[in-house]
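Summary of the model geometry
Spelled out from the first residue to the last, the chains are:
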Amino acid sequence: MALPHWLHIALIVVCTVNAVSSVAAVTLNGLIMFTIRKSPSLQKPAFVLLFALALNDFMTGFVVQPLFIWRMIERTGTGKLLKSIWVDKMEIVIRLSSITITVLLHTAVSFDRFLALHLKTRYRSIVTIKRSIAVCLLLWIGGTGTAVVGVFNKSGKFTELTLIFVPICLLLTFIVFLANSRKLVKQQKKVEELNSSGNKENQTPFDLARFGKILSSLKYAFGAFVVFYLPGVFIAIVNSITPIRFRGAILVGEVSSTITLTNSAVNPLLYYWKVPG
């Protein structure tokens, strides 16, 4: 069945937005990975997580969004492409894997800052580069496994996983952010009390200004996280309660997916150029 003209045009716009976002994601995240890899001062556990996030966002722009565009072109009927249920499922698996891994890495970055803020001088001995790499590998395997199980289960319903998974990660990230903010305020008061009493011998080396900037950056990153991911979660919730069956339902789903995928081009601006090592 041919699509209405307005829906045809709308899907072309969706393709264009994804194409622009894809180029931006590949370029910005490629620069970030190159910078982290070549800068000795950035060879730290925190930047291992950021490198993993950049790599996943790079792959989103390099693989996921082109496949997503390919499927949109197929739907508009403007190209003769291979139509297969397995091809469609693999595209969804790759896209869902990327989204899941991004959510996990966002949460991991927040927990890393939590450990840095609370462990202080012990942070470097407990959180090592090797352990950070191991965590990243586990998150990649877990994210991919979740996507595969979600898409290829017998019921074919993978949105339930998203409904549970994303809100939990958002909640955990928010709780960790509040804990970090509270800790930073307490540390600030402690330093001020020591300064006012003239007793500076008991102060532990702790850069309040640096961690203040980190929390500020994480605040903006969390805000973007909510903005880019909640539309998709909301659509999934509505669809699970009352399946969306009106003529423009296709567009609703693709726009929400586009909003989520565009996050890969925004992450570098929020994390890597504002969060110091």
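Our subject is the structure listed above.
Residues numbered from 1 in each chain as written. Predicted model: local features only at pLDDT ≥ 70, side-chain atom pairs only at ≥ 80, totals over all residues. Heavy atoms only, no water.

Okay, the overall build of the protein chain next. The secondary structure content of the protein chain amounts to 8 helices and 0 strands. Of the regular secondary structure in the protein chain, the N- to C-terminal order runs α-α-α-α-α-α-α-α. Out of the 277 residues belonging to the protein chain, those deemed buried represent 44%. For the protein chain, long-range pairs separated by at least 24 residues make up 83% of all intrachain contacts whose partners lie at least 6 apart in sequence. Within the structure as shown, the protein chain displays about 14,700 Å² of accessible surface, and the carbon and sulfur contribution to it stands at 70%. (Helix = DSSP H or I, 4+ residues; strand = E, 2+ residues; numbered from the N terminus. Buried < 20%, exposed > 50% of the residue type's maximum accessible area, 1.4 Å probe, protein only. Contact = heavy atoms within 4.5 Å. Areas by Shrake-Rupley, 256 points an atom, 1.4 Å probe, with all protein chains shown as cover.)

With that settled, consider the side chain of Ser110. Tracing the backbone shows Ser110 in helix H3 (residues 85-119). Residue class for Ser110 comes out buried when judged on its relative accessible area of 7%. Non-local contacts of Ser110, meaning those with residues more than four positions away in its chain, are made with Thr173, Val176 and Asn180.

Bringing helix H5 (residues 129-152) into the picture now. With 24 residues, H5 should reach 34 Å at 1.5 Å per residue; the first-to-last C-alpha distance of 35 Å fits that figure. For H5, the complete set of buried residues consists of Ser132, Cys136, Leu139, Gly143, Ala147, Gly150 and Val151. (Expected span 1.5 Å × (residues − 1).)

Scanning the model with the defined rule gives 1 aromatic pair in all. Centre to centre, the rings of Phe58 and Phe62 are 5.8 Å apart; their planes meet at 15°, and the pair counts as stacked. Taken together, the residues span about one helical turn, with Phe58 and Phe62 both in helix H2 (residues 45-76) at a distance of 4 residues. (Phe/Tyr/Trp six-rings, centres within 6.5 Å; stacked < 30°, edge-to-face > 60°.)

By the element assignment, Phe152 lies in helix H5. Judged by relative accessible area, which is 32%, Phe152 ranks as partly exposed. Residues Phe152 and Lys89 lie 63 residues apart in sequence; the distance between their C-alpha atoms is 8.0 Å.

With that out of the way, let us pick up the environment of Asp57. Take Asp57: it is sitting in helix H2. Looking at Asp57, the relative accessible area reads 1%, which means it is buried. Each C-alpha atom, one on Asp57 and one on Ala265, is 7.2 Å from the other, the two residues being 208 residues apart in sequence. Here Asn267 takes part through its side chain, which lies 2.9 Å from a polar atom of the side chain of Asp57. (Polar contact = N/O pair within 3.5 Å; in protein donor to acceptor, adjacent residues only side chain to side chain.)

On to the pattern of salt bridges, then. Charged atoms that come close allow side chains of opposite charge to pair. Applying the stated criterion across every chain, the model contains 4 salt bridges. A salt bridge links Arg113 to Asp112; the nearest nitrogen and oxygen atoms lie 2.7 Å apart. In this structure, Arg113 and Asp112 share a single accessibility class: buried. Residues joined by salt bridges that share partners form a network here, namely Arg71, Glu91, Arg95 and Glu254. (Salt bridge = Lys/Arg side-chain N within 4 Å of Asp/Glu carboxyl O.)

Moving on, we come to the nonpolar core. Core analysis: the largest hydrophobic core is formed by 24 residues, its most contacted members being Val103, Val166, Tyr229 and Leu251. Sorting elements by how many residues they give to this core places helix H7 (residues 208-241) first, with 7 residues. Excluding residues within four positions of it along the chain, Leu251 makes contact with Trp6, Leu7, Ala10, Leu11 and Val14. Ranked by size, the runner-up nonpolar core spans 20 residues in total, among them Ile32, Leu53, Leu104 and Ala108. (Core = buried A, V, L, I, M, F, W, Y, C linked by side-chain atoms within 4.5 Å.)

What follows covers the side chain of Arg113. By secondary structure assignment, the location of Arg113 is in helix H3. Of the residues examined, Arg113 reaches a relative accessible area of 7% and is grouped as buried. Side chain to side chain, Arg113 and Tyr123 meet in a polar contact 3.4 Å long.

With that settled, the discussion passes to the environment of Ala116. Among the secondary structure elements, Ala116 is positioned in helix H3. Spatially, the C-alpha atom of Ala116 lies 9.1 Å from that of Ala46, the residues being 70 residues apart in sequence.

Time to look at a nonpolar patch on the surface. A contiguous nonpolar surface patch, about 290 Å² in accessible area, is contributed by Ile9, Ile12, Val13 and Val17. Among the secondary structure elements, Ile9 is positioned in helix H1 (residues 5-38). (Patch = residues over 30% accessible without salt bridge, like charges linked within 9 Å, V, L, I, M, F, W, Y side chains within 5 Å.)

As far as function goes, none of this settles anything; it's purely spatial.
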